[in-house]
Structures are given as C-alpha cells and as structure tokens.
Amino acid sequence: MTKTRTLTMTALMTAVICIFAPISIPIPVSPVALTLGTFAMYLTAYVLPPRQALAAIGLYLLLGAAGLPVFSGYTAGLSRFAAPGGGYLIGFLFLTGISSLFISRFPKNIPAQMGGLFLATIINYILGTAWMAYLTNTTFLQSLPMGALVFLPLDIVKIIIACLLGNRIRAYLHM
C-alpha cells in the first residue's frame, strides 16, 4: 500500500468510527450504552493492517478526548475515560489491534478471523468491566452481567456480519 493510500484509508476508517461510535442505545441494566462503534472497529481491522488500524483508533480516541463528540451518545472529553465506559474506550485499542492481527495472519480463514474478533471482544469486556467494577465499587463478577454479558449476543451478531462484510471489502480493495 502506498503512503498516500495508507494515510487516506487510515483517515477514512477514523471517520467511519467517528460516525458509527456515537450512535448508541441506552440499556437500562448497564451504565454503558450499546453502540455501533465496535462494528466500525471490526471493519477497520479488515481494511487496515494492524499498525494503521491502531493509528485509526488512537486518532479516534484523541479526537474524542480533545472534545469532538465522537463517543457514545455524542459525548466527548477526557472525563469520558473516567466514566464507567472508560475501560472500554482504552480496550478499543486492544479490540482493534488483536482483531487486525488475526485478520492479517489468517486472511482466508473466516473461522480464525471470527475467533480473533471474539477474543479481542472478550479482552475489551475484561478491561471495561474491571474499570466499571472499580468505579462502581463492586466486584468484577458483580459487574460482569451489566458490563459484558448484556452486550454479548449482539456483539456475536456484529462479529459475524463484520467477518462476512469485511472479507468482501478486503476483496474489493484488493488486499
């Protein structure tokens, strides 16, 4: 990939994340909303190699920290990292990095890609739930239902759709 194409694709995927991530559905049983951000990050992992995928997520996080309303519910600022969803924000780096590594290593193996996306999602859950437990003064196991389990069914659907769509996008981009 040429340097110009790499920069363009990184900026494009950052924009896609910034568009999808603020769209959220509050969940009554959790202080963290359901968003389309993870889906955009899965697609980023398909479109970009690991280093550029991490750059796109890093840029997204910097834009949000600087005040651009790109976090869930069109929120922004450094304070979002100290909120119950802050662990998930940091976990997005791992989510995208691990997902992109699996996709790069197994470009033709959809089950391995799905496994990588699922593993990355579990790591994001662990980081997010641990932070939420700390902030809410509960144990990890007490926070698990509202911090991860409530999101699992839809995230599995997002992973399946991202794998099917992501491989088509990769083929279209001739990657």
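A brief look at the structure comes next.

One finds Y60, F92 and L117 to be the most contacted residues of the largest nonpolar core, which totals 42 residues. Of all the secondary structure elements, the ones that give two or more residues to this core are α1 (3-20), α2 (37-47), α3 (50-65), α4 (86-105), α5 (110-136) and α7 (152-172). Looking at this core, the element that brings in the most residues is α2, giving eight residues. Excluding residues within four positions of it along the chain, Y60 makes contact with T14, I17, C18, A21, M41, V70, F71, L89 and F92.

For the rest of this paragraph, the subject is the packing of α4 against α5. Taken N-terminus to C-terminus, the directions of α4 and α5 make an angle of 165°; their axes are 8 Å apart at the nearest point. By the angle class used here, α4 and α5 are roughly antiparallel. Handedness of the α4/α5 crossing: right-handed. For the contact of α4 with α5, the per-class residue count stands at 16 nonpolar, ten polar and no charged.

A cluster of nonpolar side chains, contributed by I110, F118, I156, I160 and L164, occupies part of the molecular surface with about 390 Å² of accessible area. Where the nonpolar patch is concerned, the elements lending two or more residues are α5 and α7. Counting residues per element, the nonpolar patch draws most heavily on α7, which supplies three residues. Along the chain, the position of I160 falls in helix α7.

With that settled, the discussion passes to the packing of α1 against α3. Orientation of α1 relative to α3, taken along the N-to-C sense of each, is 45°, at an axis distance of 9 Å. Accordingly, the angle class assigned to the pair α1 and α3 is oblique. Here the hand of the crossing between α1 and α3 comes out right-handed. Of α3, the residues touching α1 (which contributes T6, T10, T14, I17 and C18) are Q52, A55, A56, I57, L59, Y60 and L63. Broken down by class, the residue content of the contact of α1 with α3 amounts to eight nonpolar, four polar and no charged.

Thresholds applied
- Residues numbered from 1 in each chain as written.
- Predicted model: local features only at pLDDT ≥ 70, side-chain atom pairs only at ≥ 80, totals over all residues.
- Heavy atoms only, no water.
- Core = buried A, V, L, I, M, F, W, Y, C linked by side-chain atoms within 4.5 Å.
- Buried < 20%, exposed > 50% of the residue type's maximum accessible area, 1.4 Å probe, protein only.
- Helix = DSSP H or I, 4+ residues; strand = E, 2+ residues; numbered from the N terminus.
- Contact = heavy atoms within 4.5 Å.
- Axes fitted to C-alpha atoms, helices over the stretch in contact; angles between N-to-C directions.
- Parallel < 35°, antiparallel > 145°, perpendicular 65-115°, else oblique.
- Left-handed = near helix turned anticlockwise from the far one by under 90°.
- Nonpolar A, V, L, I, M, F, W, Y, C, P; charged D, E, K, R; others polar.
- Patch = residues over 30% accessible without salt bridge, like charges linked within 9 Å, V, L, I, M, F, W, Y side chains within 5 Å.
- Areas by Shrake-Rupley, 256 points an atom, 1.4 Å probe, with all protein chains shown as cover.
- Salt bridge = Lys/Arg side-chain N within 4 Å of Asp/Glu carboxyl O.

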